[in-house]
Amino acid sequence: MTWLSHIRHAGKITHSRWQAVSTQLRTFSSSKKVHSEVRVRFAPSPTGHLHLGGLRTALYNFLFAKSNNGKFILRIEDTDQARLVPQAARKLEDILNWSKISPDESPLLSGPRGPYVQSERIDLYQKHIQTLLENGSAYKCFCSDTRLDLLRKDALRRRETPKYDNKCRSLSVAKIEEFEKQGRPHCIRFKLEDITEPFHDLVYGPILYNVAQQEGDPVLLKSDGYPTYHFANVVDDHLMEVTHVLRGVEWQISTPKHLLLYKAFGWEPPQYGHLPLIKNRDGTKLSKRQGDLHIERLRVQGYSPEAIINFVTDIGGGFEDRDHNALMTVEELTERFCLSRVTTNSCRLDMEKINWFNQKDLQRRLHIAGERDLLVDELRHLVQTSYGISHRCCATQESVLTTEYLTNVLVWGQQRITRLDDLIAPEFTYIWVIPEELPLDQLPEMSCSHADVLQYFLETIVVMPPEKFTKEQIPKYVKLVAKWFSLKTPVLMKLLRMAISGQKEGPPVGEMLSILGKETTIERLKHAYALLDKR
Ligand code: GLU
């Protein structure tokens, strides 16, 4: 039994009761006070890079906020100081901004309900724990680590799930005072009510789960004064006026506990919706350590925010009329967003689809002037960093770096590549690099001089009208020159390919030359002629 079905069954209810609860909850959730403003949050722990799973949570919160004219908040949950990774919080916000999922309130932007980093809110948790201590919902626990460890081992020996036995719930006031006088360290625990409180999950529907049957009283404030995730999360959601909590389904098991905390405070809880697991294509669980799923890695590899956003929203549902064969803008996704359409089945990643979306996005950008200029700049930078400014680049280096040349390559490549860096793959080296030498043994055998043939072809090209310099017309000129020297056309093709690229294999010569363009082709032929002439 999965833990999810376990949740459903934990209440041991009949089908008819289940249906009654379900209807009651739906009515309750739709009749809830309509807040003047929808406020949602993404609350990552800064323990590493943002990965696809985290981005999906952020994105669905963002889309939900925008489709309701609400606010999207970024809150950093850094109370587990042992797991912090330096700079991770800053990088999370940067990569969200790069992904075009920019928050309205955040650690960098600040806002009316800050601070937005939990370690800067410790005084608020300490103040709020007093409320629970005073109203009897929480208590001080003086159990030592050794005792807790023994309890755990004991349970494991009996093949039971370890849980705290709630011993300190019943400490007398006198005992508490005595322990405090002795200066014994203590934490603060929450008195879990032993009840099955149903709630309506905005995605999964009614959920029943009795937390107290599964675990002992949870710690709210640790002995070092730091709150645990559950406590800080609830206090912050309330103080930040969060109206809806959308998070990964792995947190669904915590929601009944959070609801009990709201009840203990006498606060109205937000509505909760959980997003299904994302799995690898083969059905295995995603791991945060899978580097290829880190957004930063995807960015460096040349995937665009649009491709990533389309990829993520394509798999999990949540949209009215989502065309799976079209690239959607964030605005279109926002318009079509519909939480109740999020699927409850776990979704599987097909990395082929991100390539498809990225290709579509490259094509889209090529058709928009401003975006095209940016693409050209990115490609120029890529070529410069990949090949350096060395003698290996075209003799007149600038010719392969001009906007005209780069645009031409992009237009040609748009059906062939999925990422910009595909253009610097070995098979396309000839586009950027002039051959350093022409090994004689690689040149096709001919009855006439290679240099003479090249020179003649060069002269033919020079006078060729530019509009004829196309992949369809060039072969006609090659044929004419071959005839003039009584060569077979494929032999001349081989010579030209070698002269232009230094490679024996490659795309058809007509195509190759048309990508290089007339000017670069002339340079390359001159260069090849000079190499042959030196011999
Ligand atoms: N800090 C939790 C995380 O790392 C947040 C879970 C929640 O959204 O409540 O995912």
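Quick caveat, the model's predicted, so the values are computed rather than measured.

(A) Focus on the site of the ligand. Taken together, Arg41, Ala43, Ser45, Glu77, Tyr229, Asn233, Arg247 and Trp251 make up the full set of residues near the ligand. Between a nitrogen atom of the ligand and a side-chain N or O atom of Glu77, the distance comes to 2.7 Å. In the complex, 84% of the free accessible area of the ligand, which totals 300 Å², lies under the protein chains. For the shell around the ligand, the residue count by class is three nonpolar, two polar and three charged.

(B) A look at the packing of aromatic side chains. As enumerated under the stated definition, the model contains 14 aromatic pairs in all. With a centroid separation of 5.1 Å and an interplanar angle of 55°, the aromatic rings of Phe142 and Phe179 are classed as tilted. Taken together, the positions of Phe142 in the loop between strand S3 (138–141) and helix H6 (145–157) and Phe179 in helix H7 (residues 173–181) put the pair 37 residues apart, joining distant regions of the chain. Across the pair, exposure class does not vary: Phe142 and Phe179 are buried alike. Ring centres of Tyr405 and Trp432 lie 6.1 Å apart, and the angle between their planes is 70°; on these two criteria the pair is classed as edge-to-face. Taken together, the residues span a long stretch of sequence, with Tyr405 in helix H16 (residues 403–413) and Trp432 in helix H17 (residues 429–432) at a distance of 27 residues. Since its relative accessible area comes to 6%, Tyr405 is described here as buried. For Trp432, a relative accessible area of 0% gives the class buried. Through a chain of ring-to-ring contacts, the aromatic side chains of Phe231, Tyr262, Phe265 and Trp267 assemble into a single cluster. Just above the ring of Trp356 sits the side chain of Lys353; from NZ or CZ to the centre is 5.6 Å.

(C) Main features of helix H19 (residues 474–484). If you check which residues of H19 are buried, you get Ile474, Tyr477, Val478, Val481 and Ala482. Looking straight down H19, one finds its buried side chains confined to an arc of 140°; they lie on one side. Facing away from the buried side of H19 by over 90 degrees, the exposed positions are Lys479, Leu480 and Lys483. Where the residues of H19 are buried, they touch helix H18 (450–462), helix H20 (489–501) and helix H21 (509–533).

Basis of the calculations
- Residues numbered from 1 in each chain as written.
- Predicted model: local features only at pLDDT ≥ 70, side-chain atom pairs only at ≥ 80, totals over all residues.
- Heavy atoms only, no water.
- Near = heavy atom within 4 Å.
- Polar contact = N/O pair within 3.5 Å; in protein donor to acceptor, adjacent residues only side chain to side chain.
- Areas by Shrake-Rupley, 256 points an atom, 1.4 Å probe, with all protein chains shown as cover.
- Nonpolar A, V, L, I, M, F, W, Y, C, P; charged D, E, K, R; others polar.
- Phe/Tyr/Trp six-rings, centres within 6.5 Å; stacked < 30°, edge-to-face > 60°.
- Helix = DSSP H or I, 4+ residues; strand = E, 2+ residues; numbered from the N terminus.
- Buried < 20%, exposed > 50% of the residue type's maximum accessible area, 1.4 Å probe, protein only.
- Lys NZ or Arg CZ within 6 Å of the ring centre and 35° of its normal.
- Arc of directions from axis to C-beta.
- Contact = heavy atoms within 4.5 Å.

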